[in-house]
Amino acid sequence: QDWEQAGQTLEQLVALEPDDVQALYWLGVLLAPQNQDFAAVYLNQAAANPGWTVRARTILAALESYQQFSLTDAHTTLGLALVNLSEWGFAERVLEMALQVNSVNPTARGYLGYVRDQSGRDGLPDIEAALAISPNDPVLYYLLGQHWRQLSKQSEAHNAFLQAYWLAPENPALAAEVGISLQNLSDLPGAEQWFK
């Protein structure tokens, strides 16, 4: 995660190979939180390639948040777009930037924990810190459930998903997560009820 060196290397690569779509995309992603105009140039070039269109346009859409929201919220929006693309290293960087602007940002803190879990590190401290700030946020309990599931702690995962569901009972995806957690606990009749 030597971002400065990564930027220099990508700039050199794009100068030598201006049609390298992957380099254009990575450079656009790298520049996105700090220089949206330059990032958009590279991302639009990458988007012209059908194999990279969806990824590049996802980041371009997130860039619009920098015109609409506060800096911490814009960084968070970009971070979530990167999470959805499974760009874990870039997502971690941007979410950390969001927290540098405003450390009381439970969404950025919670997703930072999730990203760290996906990177093979312990995201629990960040998720718990986010819940301390926003204890009634169903998304944060969902992330907590994912943390425990990844560690094969099915009972803890079930409790977290159940808490998420009761905070947002209109969300069928959370009911399905409770069902999956019961299935993982070998409670098939209970899982069936939640799936229904």
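For the structure, check the block above.
Let us look at the structure shown here. From a predicted model like this one, the values you see are computed outputs, not experimental measurements.

**Focus: helix α1 (residues 3–16)**
Next, step 1: Spanning 14 residues, α1 covers 20 Å between terminal C-alpha atoms, matching the ideal 20 Å at 1.5 Å per step.
Next, step 2: Every buried residue belonging to α1 is among G7, L10 and V14, and all of these are buried. End-on, the buried residues of α1 take up no more than an arc of 70°, which puts them together on one face. What points out from α1, more than 90 degrees from its buried face, is the exposed set E4, Q12, A15 and L16.
Next, step 3: Elements in contact with the buried residues of α1: α2 (21–31) and α3 (36–47).

**With respect to unusual backbone geometry**
Next, step 1: One non-glycine residue, S152, lies in the positive phi region at around 60°.
Next, step 2: Structurally, S152 can be placed in the loop between α10 (138–150) and α11 (154–167).
Next, step 3: On the accessibility criterion, S152 (55% relative accessible area) is exposed.
Next, step 4: Non-glycine residue S186 carries a positive phi angle of around 65°.
Next, step 5: Assessed through its relative accessible area of 61%, S186 is described here as exposed.

The rules behind each value
Residues numbered from 1 in each chain as written. Predicted model: local features only at pLDDT ≥ 70, side-chain atom pairs only at ≥ 80, totals over all residues. Heavy atoms only, no water. Helix = DSSP H or I, 4+ residues; strand = E, 2+ residues; numbered from the N terminus. Expected span 1.5 Å × (residues − 1). Buried < 20%, exposed > 50% of the residue type's maximum accessible area, 1.4 Å probe, protein only. Arc of directions from axis to C-beta. Contact = heavy atoms within 4.5 Å.

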